[in-house]
Amino acid sequence: MDYHVELKRVTRVFAKNGEQIRALDGVDLAVARGSWTVVVGLSGSGKSTMLSLIGGLDRATEGEVWVAGNDLGKLSSDALADFRREKVGFVFQSFNLVPTFTALENVCLPFVPYKVARAQAEKKALEVLEQVGMLARANHLPGELSGGEQQRVAIARALVNDPELLLADEPTGELDTRTGEKVLELLSKLHRERGMTIVMTSHDPRIAEQAPAVVRLEDGRVVAHAT
Amino acid sequence: MLQYALKELTRRKSRSLLVIFGIVICTALLASALCISQAMRNAASQPFQSANADIIIQRELAECPFALVKHAGKLGAIPEESIQQIRELPGVDMAAGVLELWVTSGPDETDRAVVTGVDPDYQHKLGPTKQGEDCCTLTDHEIGGRYLYVTDDHTCLVEEPYAKKHGLKLGSTLLLGGEEFTVVGTLRAAEGARIAAGEIYVTLRDAQAMLGEGEVVNAVLVRAENQKAAAEIEKKVREIVKVDTDQGERLALTTDSNVMSSVAGVAILAQSANRWMAGLVVLVVFLLVVKSSLSSVSERMREIGTMKALGWRDRHVARLLALESGLVGLIGGLIGTGAGYGAALGYTSSTTLRLPALLNSYPACAKTPPPLDMQFSLAGCGPLVVGAFLVALSIGVLSGYLAARRAGKLPPAEALRRV
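Residues numbered from 1 in each chain as written. Chains lettered and ligands numbered in written order. Predicted model: local features only at pLDDT ≥ 70, side-chain atom pairs only at ≥ 80, totals over all residues. Heavy atoms only, no water.

Considerations on the sheet that holds strand 1 (residues 3–16) of chain A
Sheets are built from strands that pair by backbone hydrogen bonding, the pairs being arranged parallel or antiparallel. Residues and elements named next belong to chain A. Here four strands make up an open sheet; going across it, the order is 2-1-4-5 and the pairing antiparallel. Lying at the two open borders of the sheet, with one neighbouring strand each, are strand 2 (19–32) and strand 5 (70–71). The pairing of strand 4 (residues 62–67) with strand 5 spans two bridges and is antiparallel. The partner of Trp-66 across the bridge, within strand 5, is Asp-71. Running at roughly 120° to strand 1, helix 1 (residues 47–54) makes contact with strand 1, strand 2 and strand 4 of the sheet. (Pairing = 2+ DSSP bridges. Helix = DSSP H or I, 4+ residues; strand = E, 2+ residues; numbered from the N terminus. Contact = heavy atoms within 4.5 Å. Axes fitted to C-alpha atoms, helices over the stretch in contact; angles between N-to-C directions.)

Right, here's the structure in full:
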């Protein structure tokens, strides 16, 4: 089986006020390439920590995190940044758009520090904005967009580098039910069209019901993995 | 990235303006303090450069009553033989004596002129008639005007304003202390204070004859080989030129470094306080800018985390923050140095410093204005302004660096989690 993501006995411990908190505790997980996995669990169960480890935003205290053949624990800080840029797209619960940038400029953000010609970056950004149905709003500031539209822009930003893995942390968490459904439909469409692997977290049981694969976390441990 | 940095500065307009304002104030203070210091140094050194001298030696006495011919102001006689002893001191490049007199001129004894006796051997290179653009040029050279000769008897050079006032020209005669002198040249002097300048110049011999005190001078101008030598010469001169302190006499040794304290004591104090204050303000502003930059990092955790999640390397984030602070320093520095230079210009053009009267004693009834106004000049201020600008830029860059280091080290997951 070609696993895109593999977690092997992964533990992540945080120190807080002199206390050791095990956000993840010996987690094993394998995610197939091109699959859509939803990680569910209560708040504080370790969902976001797991996503951070898979996306190379954080390092495991123990165990190994393998993504697309890379042992993330062995990558340098720069190599991890390159890994995120080339292979991973992130979608956040609260969109995390730069308020003074237009939708187009926000989508171009991953290109800013690299020597990508502006015209080329904008062409690519407009393409993905079109894919998420936001082309007409390309020159609007985030403040002029609805929550659903902002999340679409954030999804476009996550896709602009053509990642093979999309990590979405509660992408519908700040949206009303109807808007949330539309965002999920969009993600579903992109999943079909691009064939990329999606791992998303949610505490919404309805999302878990529709998901092809579900991982349930409790107190940092995987208690169920259904496909 | 520059566009990003500029937008970020615009987004946090109040903070950016406050930081820029702080940098403007500190840079302006620094630039103005440095430039005013420089202008004062220039003002103090200008009369010495004009005379090509480093040290002026004079005996200061209580002023004596007016006579047909008398020592100018409070000056006292110094034996001419002292000059030769001074010339023989190590480190002395050259030394010349002048005899500055107040003399009745014309048939009316109430007309008085400042007559300076100069040594014809040194008149071109040292003292109040020194030839050159920073001091004196002959206006009638083309029609036969000349400097004084050693062999001259009862000849004189007149300064241009005096010549114009009295209608004197080449070949004219005038009465000095009851004796007739012939004009052999007209001198045009550069603007600014001049040491031992007179309205009329005669040979030292003629001046001594007019005064009738023998071979004496009342000011010795010394050119030292270098600054270090000047300090040594000052010490030795005190052994050569004796004064009777019991009679209230004083040996006045004036150099460009001590002339300022006598003419601008308060100004120097203010200037010194200004420099200290500028230094203190630089420190305070630096700390404020650092604090502001670090706060900016704390407030932008989500943004920094997002940038890193999107593939920005640590150094890219650091570069962005450094660029933002650098821009703040650049803008503040440019405005601040401009304001500081303007303040220095305003101060120097509205302040007048005058050479101590001992260095150039004109009687109250002088017919021409005494050349006592010291010329403020901002020459040499350019590098200081650039220095102040670099300080402002450094404040920006250094605070940016500290903020950038903090942001760079921030693990992306932690940055996103802290929101």
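Back to the write-up after that little detour.
Describing the state of the cysteines
All names here are of chain B. By the definition in use, this model includes one disulfide over all chains. Two residues share a disulfide in this structure: Cys-35 and Cys-381, whose sulfurs sit 1.7 Å from each other. Looking down the S-S bond of the Cys-35 and Cys-381 bridge, the torsion is 65°, so its handedness is right-handed. In this pair, Cys-35 sits in helix 2 (residues 13–51) while Cys-381 sits in helix 11 (residues 381–409), placing the two residues 346 residues apart along the sequence. Relative accessible area serves as the criterion here: at 0%, Cys-35 is assigned to the buried category. (Disulfide = S-S within 2.5 Å. Buried < 20%, exposed > 50% of the residue type's maximum accessible area, 1.4 Å probe, protein only.)

Structural notes on the domain arrangement of chain B
Interface size is commonly expressed as the accessible surface area that is lost when the partners come together. All names here are of chain B. For chain B, the assigned domains are domain 1 (2–46 + 265–417) and domain 2 (55–254). Roughly 1,800 Å² of surface becomes buried between domain 1 and domain 2 when both sides are summed, with 61% attributable to carbon and sulfur atoms. Where domain 1 meets domain 2, there are five residue pairs in polar contact (both at pLDDT 80 or more). (Domains from an automatic or database assignment. Buried area = accessible area lost by both parts, 1.4 Å probe. Polar contact = N/O pair within 3.5 Å; in protein donor to acceptor, adjacent residues only side chain to side chain.)

A few points about the interface of chain A and chain B
Contact residues are listed per partner, giving 27 residues for chain A and 20 residues for chain B. Both faces considered, chain A and chain B share a buried interface measuring about 2,300 Å² in area, 58% of it formed by carbon and sulfur atoms. Remark: the boundary between chain A and chain B carries four salt bridges. A salt bridge links A:Asp82 to B:Arg313, with the nearest nitrogen and oxygen atoms 2.5 Å apart. Inspection of the region where chain A meets chain B yields 10 residue pairs in polar contact (both at pLDDT 80 or more). In terms of residue class, the side of chain A that touches chain B is made up of 13 nonpolar, six polar and eight charged. (Salt bridge = Lys/Arg side-chain N within 4 Å of Asp/Glu carboxyl O. Nonpolar A, V, L, I, M, F, W, Y, C, P; charged D, E, K, R; others polar.)

With respect to empty space enclosed by the protein
Under the criterion given, the structure shown has two cavities of 30 Å³ or more. Put simply, the largest cavity is a space of about 210 Å³. Forming the boundary of the largest cavity are 17 residues, of which B:Leu9, B:Ser293, B:Ser296, B:Glu324 and B:Ser325 lie nearest the centre. Mapped onto the lining of the largest cavity, the elements with two or more residues apiece are helix 1 (2–11), helix 2, helix 8 (265–299) and helix 10 (314–350) of chain B. Of the residues forming the lining of the largest cavity, the biggest block, five residues, is contributed by helix 8 of chain B. Taken together, the residues of the lining of the largest cavity sort by class into seven nonpolar, five polar and five charged. Forming the walls of the second largest cavity are A:Arg84, A:Arg85, A:Val88, A:Gly89, A:Phe90, A:Pro110, A:Arg157, A:Ala158, A:Asn161, B:Ala309 and B:Leu310. Contributions of two or more residues to the lining of the second largest cavity are made by helix 2 (77–87), strand 6 (88–91) and helix 5 (147–159) of chain A. The element contributing the most residues to the lining of the second largest cavity is strand 6 of chain A, with three residues. Residues of the lining of the second largest cavity, tallied by class, amount to six nonpolar, two polar and three charged. (1 Å grid on protein atoms, 1.4 Å probe; cavity = no way out; pocket = protein on both sides within 12 Å on 5 of 7 lines; lining within 4 Å. Points joined across faces, edges and corners; volume = space filled by probe spheres on them.)

Describing helix 2 of chain B
Residues and elements named next belong to chain B. In this model, helix 2 (39 residues) spans 56 Å end to end at C-alpha, consistent with the 57 Å of a helix rising 1.5 Å per residue. In the structure, helix 2 departs most strongly from a straight axis at Ser-45, where the bend amounts to approximately 35° and where the proline Pro-47 lies between one and four residues downstream. Just past helix 2, the residue Asn-52 takes up positive phi, approximately 60°. (Expected span 1.5 Å × (residues − 1). Bend = angle between axes of the 7 residues up to and from the residue.)

So, the pattern of salt bridges
In a structure, side chains of opposite charge can pair up when their charged atoms sit close to one another. Under the criterion given, the structure shown has 32 salt bridges over all chains. Between A:Asp25 and A:Arg22 there is a salt bridge, with the nearest N and O atoms lying 3.3 Å from each other. The buried category is assigned to A:Asp25, whose relative accessible area is 19%. Of the charged contacts in the structure, one is a salt bridge between A:Asp162 and A:Arg194, with a shortest N-O distance of 3.3 Å. Taken together, the residues span a long stretch of sequence, with A:Asp162 in the loop between helix 5 and strand 7 (165–169) and A:Arg194 in helix 6 (residues 177–194) at a distance of 32 residues. The partly exposed category is assigned to A:Arg194, whose relative accessible area is 26%. Salt bridges sharing common partners tie together A:Asp78, A:Asp82, A:Arg85, A:Glu86, B:Arg313 and B:Arg315.

Details of the layout of surface pockets
The computed volume of the largest pocket comes to approximately 1,000 Å³. Lining the largest pocket are 38 residues, and of these A:Ser48, A:Thr49, A:Asp169, B:Leu416 and B:Arg417 lie nearest its centre. Looking at the lining of the largest pocket, the elements that each hand over two or more residues are strand 1, strand 2, helix 1, strand 6 and strand 7 of chain A together with helix 12 (412–417) of chain B. For the lining of the largest pocket, a count of residues per class yields 14 nonpolar, 13 polar and 11 charged.

Thoughts on the packing of aromatic side chains
All names here are of chain A. Throughout the structure, instances matching the rule amount to one aromatic pair over all chains. Between Phe-90 and Phe-92, the ring centres sit 6.1 Å apart and the planes meet at 10°, which makes this aromatic pair stacked. Sitting over the face of the ring of Tyr-114, Arg-85 holds its NZ or CZ atom 3.6 Å from the ring centroid. (Phe/Tyr/Trp six-rings, centres within 6.5 Å; stacked < 30°, edge-to-face > 60°. Lys NZ or Arg CZ within 6 Å of the ring centre and 35° of its normal.)

Re the side chain of B:Lys130
Residues and elements named next belong to chain B. Mapped onto the fold, Lys-130 is located in the loop between strand 6 (112–118) and strand 7 (136–138). With a relative accessible area of 9%, Lys-130 lands in the buried category. Each residue touching Lys-130, except ones within four places of it in the same chain, is listed here: Gln-49, Ser-50, Ala-51, Asn-52, Gln-123, His-124, Lys-125, Cys-135, Cys-136 and Tyr-147.

Overview of the confidence of the model for chain B
Taken as a whole, chain B shows an average pLDDT of 85; of its residues, 94% reach a score of 70 or greater. The spread of mean pLDDT over the elements of chain B runs between helix 7 (residues 256–263) of chain B, the lowest at 71, and strand 11 (residues 200–203) of chain B, the highest at 95. (pLDDT = per-residue confidence, 0-100.)

Here's the deal with the pairing of strand 8 (residues 197–202) of chain A
Residue and element names in this part refer to chain A. For strand 8, the buried fraction is high: six of the six residues fall into the buried class. Going residue by residue along strand 8, you find Thr-197, Val-199 and Thr-201 tucked away on one face and Ile-198, Met-200 and Ser-202 tucked away on the opposite face as well. Pairing of strand 3 (residues 36–41) with strand 8, which is carried by five bridges, proceeds in the parallel orientation. Note that in strand 8 the partner of Val-38 across the bridge is Met-200. For the crossover that starts at strand 7, traverses helix 6 and ends in the parallel strand 8, the hand is right-handed. (Right-handed = clockwise from strand over helix to strand, strands pointing away.)

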